[in-house]
Amino acid sequence: MAVTRSADSEIPDLDNGLWERVRDAVQAELQADKSLWKGKLDYTARPNIRGSASSDGVLRLNDGMVVQPLQEMYSTRGQPATPEQWTQRRNALKTVSHEFTHLASPQNHTHADRAAGMKDLKYKPIEEGVTEAWSQSSLDRVADRALPQDLADKIKGAENARHSYPAWEPAARSFADQVGLETGTDGDDVLRRMAAEPRTGKARAAADLMFDSSELPNRVPAEQQEAVRQEIADDIDKGFAELGPLKENLTARTRDISKQRGFEIADSAGDVVRAAEERYRSGPEQQQQRETAQEAARAETQTDLTALPPPNPADRLPNTPQQQQPPAQQQPQPQQQPTTQQQPGPQQQPAAQQQPGAQQQPAAQQQPAAQQQ
């Protein structure tokens, strides 16, 4: 049975279940398994915060910026309203949708899991950026599901207010669009997949999509696929985590910078995919053949001592009167023949002992997916 607004909530019911309908609309649009909302709906404590969704399942909304505009929309239904009022109402509905999106979760995700994830602030940019981008893109469909049709039409016809999280939302939008281009998926669907996951799983949702649409499922051994998927996700998480400081110094260029960073994060993740494809491009038999060929090539570069000319017997004769013959009859300085007296011993054969291929084997040692499991 779906949770309904609890009687001890500070915010009253509106239109006989508006809050529950928004919750259901968000969950349906995301195709999420459940919502972590416990039914408690209170006012935000800080006047500059539009809304919040705490780890214990309590949802809070700003009275003046969110609750009152929606109450006024119903109380003055059918009466004229200015475009600015409809924009304010549209933005209020977006905030409610945004907060319920935070609480949409997979079946096995708990309040304790959400609390643990919220402790790691490096995930905040990707969670807030993706949640805001998805809430903006899905708002018209949420309005159709949650509102009477006449009000839904007015909301859909209103102009958007300025998006929240200008340092992070543009990055999430451009990232999703770029991943969509590379995977043949609509950018909104990329956002949906990410938004339906908890903050610690949003990058993994995109990574799985990139992995599955590449050559990797047919090339990476089953026991190594998890490591490669996580390698892609880690790169995405790292890129979004680096956006954290951008929020501290908002300027007129912040949105443009964030948008560009989103493209760069997607390109970096794509590079990880392509590097893995190259790493696993050959099957086991081809890899064995390549290693055998490399071994053969290394062996050819070693000095073959059996191919050297035999020692000159004259070099080994003891000192005799014959060696005191006039210079014209002496053999010309056999002691300086490099092929006999100055052959490098085994310790001096650089080709045999210092071959980089034999000691470093870059092709075998630089497979992070295989070695870092």
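Residues numbered from 1 in each chain as written. Predicted model: local features only at pLDDT ≥ 70, side-chain atom pairs only at ≥ 80, totals over all residues. Heavy atoms only, no water.

Caption draft 1: Region of interest: the packing of helix H5 (residues 124–146) against helix H8 (residues 187–195). Across the interface, H5 lies against H8 with an axial gap of 9 Å and an inter-helix angle of 130°. Put simply, H5 runs oblique to H8. The crossing of H5 and H8 is left-handed. Here Ile 126, Val 130, Ala 133, Trp 134 and Ser 137 of H5 lie close against H8, whose contacting residues are Asp 188, Leu 191, Arg 192, Met 194 and Ala 195. A class-by-class count of the residues in the contact of H5 with H8 yields seven nonpolar, one polar and two charged. (Axes fitted to C-alpha atoms, helices over the stretch in contact; angles between N-to-C directions. Helix = DSSP H or I, 4+ residues; strand = E, 2+ residues; numbered from the N terminus. Parallel < 35°, antiparallel > 145°, perpendicular 65-115°, else oblique. Left-handed = near helix turned anticlockwise from the far one by under 90°. Contact = heavy atoms within 4.5 Å. Nonpolar A, V, L, I, M, F, W, Y, C, P; charged D, E, K, R; others polar.)

Caption draft 2: Structural detail: unusual backbone geometry. In this structure, Asp 15 is a non-glycine residue whose phi angle is positive, near 55°. Considering the arrangement of structural elements, one finds Asp 15 in the segment before helix H1 (18–30). Although it is not a glycine, Tyr 165 sits at a positive phi angle of roughly 55°. Inspection of the secondary structure assignment puts Tyr 165 in the loop between helix H6 (149–157) and helix H7 (169–183). For Tyr 165, a relative accessible area of 25% corresponds to the partly exposed category. (Buried < 20%, exposed > 50% of the residue type's maximum accessible area, 1.4 Å probe, protein only.)

Caption draft 3: Up close: the environment of Arg 60. Turning to its location among the elements, Arg 60 is positioned in strand S4 (residues 59–61). In this structure, the C-alpha to C-alpha distance between Arg 60 and Tyr 43, residues 17 residues apart in sequence, is 5.0 Å. Arg 60 has contacts with Asp 42, Tyr 43, Thr 44, Arg 50, Gly 51, Ser 52 and Ser 54, leaving out every residue within four places of it along the chain.

Caption draft 4: Quick peek at the nonpolar core. Among the nonpolar cores identified, the biggest contains 75 residues, and Leu 147, Ile 232 and Ile 236 are the most heavily contacted of them. With eight residues, H5 is the single largest residue contributor to this core. If we ignore the near neighbours within four places in the chain, the residues touching Ile 236 are Ile 126, Phe 175, Ala 203, Ala 206, Ala 207, Met 210, Ile 265 and Ala 269. (Core = buried A, V, L, I, M, F, W, Y, C linked by side-chain atoms within 4.5 Å.)

Caption draft 5: Just the packing of aromatic side chains, in detail. In the structure shown here, the tally under the stated rule is three aromatic pairs. With a centroid separation of 5.8 Å and 10° between ring planes, the pair formed by Tyr 165 and Trp 168 is classed as stacked. Assessed through its relative accessible area of 4%, Trp 168 is described here as buried. Centre to centre, the rings of Phe 175 and Phe 240 are 5.4 Å apart; their planes meet at 80°, and the pair counts as edge-to-face. One end of the pair, Phe 175, is in helix H7; the other, Phe 240, is in helix H11 (residues 222–241), with 65 residues separating them in the sequence. Of the two residues, Phe 175 and Phe 240, neither departs from the other in class, the shared state being buried. Directly above the aromatic system of Trp 86 lies the positively charged group of Arg 89, at a separation of 4.6 Å from the ring centroid. (Phe/Tyr/Trp six-rings, centres within 6.5 Å; stacked < 30°, edge-to-face > 60°. Lys NZ or Arg CZ within 6 Å of the ring centre and 35° of its normal.)

Caption draft 6: Fine view of the side chain of His 98. Position of His 98 among the secondary structure elements: in helix H3 (residues 83–103). When its relative accessible area of 4% is taken as the criterion, His 98 is described as buried. The residues touching His 98, leaving out its near neighbours within four places in the chain, are Glu 128, Thr 131, Glu 132, Ser 135 and Tyr 165.

Caption draft 7: Region of the structure containing helix H2 (residues 63–75). Its 13 residues place the ends of H2 only 16 Å apart at the C-alpha level, less than the 18 Å of an ideal helix rising 1.5 Å per residue. Along H2, the residues that are buried comprise Val 66, Val 67, Pro 69, Leu 70, Met 73 and Tyr 74. Buried residues belonging to H2 abut H1, strand S2 (41–43), S4, H3 and H6. The N-capping residue of H2, defined by a side-chain oxygen 3.0 Å from the backbone nitrogen of Gly 64, is Asn 62. (Expected span 1.5 Å × (residues − 1). Polar contact = N/O pair within 3.5 Å; in protein donor to acceptor, adjacent residues only side chain to side chain.)

Caption draft 8: Representation of the environment of Asp 188 within the structure. Its place among the elements puts Asp 188 in helix H8. Overall, Asp 188 belongs to the partly exposed group, its relative accessible area being 24%. In this structure, Asp 188 is in contact with Trp 134, Ser 137 and Arg 173, ignoring residues within four places of it in sequence. There is a polar contact of 2.8 Å between the side chain of Asp 188 and the side chain of Arg 173.

Caption draft 9: Representation of the pattern of salt bridges in the model. Within this structure, the stated rule accounts for 30 salt bridges. Taking the shortest distance from any N to any O, the salt bridge between Arg 173 and Asp 188 comes out at 2.8 Å. Of the two residues, Arg 173 sits in helix H7 while Asp 188 sits in helix H8, which places them 15 residues apart along the sequence. Residue classification places Arg 173 among the partly exposed positions, given a relative accessible area of 21%. Note that Glu 231 is salt-bridged to Arg 279, the shortest N-O span being 3.3 Å. (Salt bridge = Lys/Arg side-chain N within 4 Å of Asp/Glu carboxyl O.)

Caption draft 10: Geometry of H11. Helix length check: H11 (20 residues) gives 30 Å between terminal C-alpha atoms against 28 Å at 1.5 Å per residue, within 8%. All of the buried residues in H11 are Gln 224, Gln 225, Val 228, Arg 229, Ile 232, Ala 233, Ile 236, Asp 237, Gly 239 and Phe 240.

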